[in-house]
Amino acid sequence: MSSPPPCRQRRRLVGVSTKMYFSHARTTKFITSFLDLMQHHTSSTTTEQSNSNLAAAALASKIDIFIIPDHLSLQSAINCTANHPPTDGPKILFGAQNCHWEDHGEVSPAVLAEIGCSVVELNHAERRRYFGETDATTAKKAQAVIRNGMIPILCVGEGSPGEVPTPGKTSREAAEKEVVGQVERCLEGVDPTKEVWLAYEPVWAIGAKEPAGVEHVSGVVRAIRRSAVVNGREERGGMTRILYGGSAGPGLFGRLKEEDGVDGLFLGRFGHEEGQFWKTVREVAEVEWEGEVRLGGCQSAGRSCRSPVYN
Ligand SMILES: O=C[C@H](O)COP(=O)(O)O
């Protein structure tokens, strides 16, 4: 009997942040429309329709989907999924755009966890620019997120305010060095046995017409994967999933290769329309890399392919 094909330890990921672009009503509509779309395309009533559909369970086995609305819409966004008809498709994970470890006038990670939030985005380029977020404060926030049983999404990316490079002028080696340094500082004191997500978002690619080139993305992500801090975490059981963000949308993930080490995409504007977000989700799920298990849950080396947030 032949042995089963190797199972990728890291499930793919795709998510969207609405930043502060949506009204509360628009957030609710976006989520309910996306859930309807996913349900429609993962169930079928006719043969013709079933040919173009994904099996809900297959999608759920392949990918984790997350949505990060503004703070004030978070609770009702979570309620939208609770009120939606049950499906065996992927569960949507919800995230917050920030939190704090101190006790007054900020966003409490304990309350985020209590209301059903699974992930917290930290250190986004816009928070670094407008609110003075630093790698050091991000590390403290990440520790607070993990203490409360959630997963931190740590945003990193070259190009600090005032010296934003243009794509043509960016040296990939310089970007690799800068980004690996950010990763090391953001993970300072963070429990190496717990899962973290790193969102590689070059500052110059955020809000742009198109994403960074795939060679640039894969070079920087490979450098992150080779870093001692990420390898050390993997050895201690702390899964590190890496996303690319910065004008990401449909058509990007299919151009990446497994060895690039990118686990998925983090969308902004190009995921703010339900159909485009669904198209990207589907593309990230459907790209087939050689040797991977295509469908169904699996176990490898005694560890589940599922993220701990599901356990
Ligand atoms: O959080 C998402 C990133 O900031 C990317 O935003 P964008 O795709 O609109 O450039």
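In every chain, residue numbers begin from 1 and rise along the written sequence. Reporting in this predicted model follows two pLDDT cut-offs: at least 70 for local features of residues, and 80 or more for side-chain atom pairs to be given and counted; totals over whole chains, interfaces and linings ignore these cut-offs and use all residues. Water and hydrogen atoms were dropped before computing side-chain values, which therefore reflect all heavy atoms in the structure.

The name recorded for the protein in an unreviewed UniProt entry is Triosephosphate isomerase, from Neurospora tetraspora. UniProt positions are given in the numbering used here, feature names are shortened, and annotations may be inferred rather than shown by experiment. Checking UniProt for the protein, the heading Sequence similarities (unreviewed entry) contains the comment "Belongs to the triosephosphate isomerase family." The protein has a UniProt comment under Subunit (unreviewed entry) that states "Homodimer."

Asker: Describe in detail the pairing of strand β5 (residues 151-156), supporting the description with residues and values.
Answerer: Of all six residues that make up β5, six are buried, and the element is covered over most of its length. To sort residues, take the accessible area from a 1.4 Å probe on protein chains only and compare it with the maximum for the residue type: under 20% means buried, over 50% means exposed, and anything in between is partly exposed. Runs of H or I in DSSP of at least four residues are treated as helices and runs of E of at least two as strands, each being numbered from the N terminus. Of the two faces of β5, the one lined by Ile151, Ile153 and Cys155 and the one lined by Pro152, Leu154 and Val156 are each fully buried. Bridge count for strand β4 (residues 119-122) against β5 is four bridges, and the pairing is parallel. Looking across to β5, one finds that Glu121 is bridged to Ile153. Alignment of β5 against strand β6 (residues 196-200), held across four bridges, turns out to be parallel. Counterpart to Leu154 in the pairing with β6 is Leu198. At least two DSSP bridges between two strands are required for those strands to pair.

Asker: Residues and numbers for the side chain of Asp260, please.
Answerer: If you trace the backbone, Asp260 turns up in the loop between β7 (240-245) and β8 (264-267). With near-sequence residues (within four places) excluded, Asp260 lies in contact with Ser218, Val221 and Arg222. A contact between two residues is defined here by any heavy atoms of the two lying within 4.5 Å.

Asker: Residues and numbers for the site of the ligand, please.
Answerer: In this text, near means that some heavy atom of the residue lies within 4 Å of the molecule or strand in question. In the vicinity of the ligand, the residues found are Lys19, His124, Glu201, Ala205, Ile206, Gly207, Gly246, Ser247, Ala248, Phe266, Gly268 and Arg269. His124 is positioned such that a nitrogen or oxygen atom in its side chain is 2.6 Å from an oxygen atom of the ligand. Side-chain polar atom of Arg269 to an oxygen atom of the ligand: 2.6 Å apart, as the coordinates give it. Protein coverage of the free-state accessible area of the ligand, which is 300 Å², stands at 99%. Under this definition, polar contacts are N or O atom pairs within 3.5 Å; protein pairs additionally need one hydrogen-donor-capable and one acceptor-capable atom, and for neighbouring residues in sequence, both atoms have to be side-chain atoms. Method for areas: the Shrake-Rupley scheme with a 1.4 Å probe, in which residue coverage is limited to the protein chains shown.

Asker: Report on the environment of Asn98, specifying residues and quantitative values.
Answerer: Along the chain, the position of Asn98 falls in the loop between β3 (92-96) and α5 (109-114). You can call Asn98 buried: its relative accessible area is 3%. Each C-alpha atom of the pair Asn98 and Leu122 lies 5.6 Å from the other, and the pair is 24 residues apart in sequence. Contacts of Asn98, omitting those with residues within four sequence positions, involve His71, Glu106, Val107, Leu112, Val120, Glu121, Leu122, Arg127, Glu133 and Lys141. Reaching out from Asn98, the side chain makes a polar contact with the side chain of Lys141 at a distance of 2.9 Å.

Asker: Lay out the packing of helix α7 (residues 135-147) against helix α8 (residues 172-186) in plain terms, naming residues and giving numbers.
Answerer: Interaxial distance between α7 and α8 falls to 8 Å at its minimum, and their mutual angle equals 45 degrees. Between α7 and α8, the angle is such that the two are oblique. In this structure, α7 uses Asp135, Thr138 and Ala139 to contact α8, whose residues at the interface are Gln182, Arg185 and Cys186. Think of it as three bins: nonpolar holds Ala, Val, Leu, Ile, Met, Phe, Trp, Tyr, Cys and Pro, charged holds Asp, Glu, Lys and Arg, and polar takes everything else, Gly as well. A breakdown of the residues in the contact of α7 with α8 according to their chemical character gives two nonpolar, two polar and two charged. Here the axes come from fitting lines to C-alpha atoms, over the contacting stretch only for helices, and the angles between their N-to-C directions go from 0 to 180 degrees. We call two directions roughly parallel when the angle between them is under 35 degrees, roughly antiparallel when it is over 145, roughly perpendicular when it lies between 65 and 115, and oblique otherwise.

Asker: Lay out the pattern of salt bridges in plain terms, naming residues and giving numbers.
Answerer: Should the charged atoms of two oppositely charged side chains come close, the side chains can pair. By definition here, a salt bridge exists when the distance from a side-chain nitrogen of Lys or Arg to a carboxyl oxygen of Asp or Glu is within 4 Å. Enumeration according to the criterion identifies 14 salt bridges in this entry. Here Glu274 ties to Lys29 by a salt bridge, and the two come within 3.8 Å at their closest N and O atoms. Separated by 245 residues along the polypeptide, Glu274 in helix α11 (residues 274-286) and Lys29 in helix α1 (residues 24-41) bring together distant segments of the chain. Glu274 gets classed as buried once you look at its relative accessible area, which sits at 8%. Owing to a relative accessible area of 48%, Lys29 belongs among the partly exposed residues under this scheme. When salt bridges with common partners are traced through the structure, they connect Arg11, Asp64, Glu195 and Arg241 into a single cluster.

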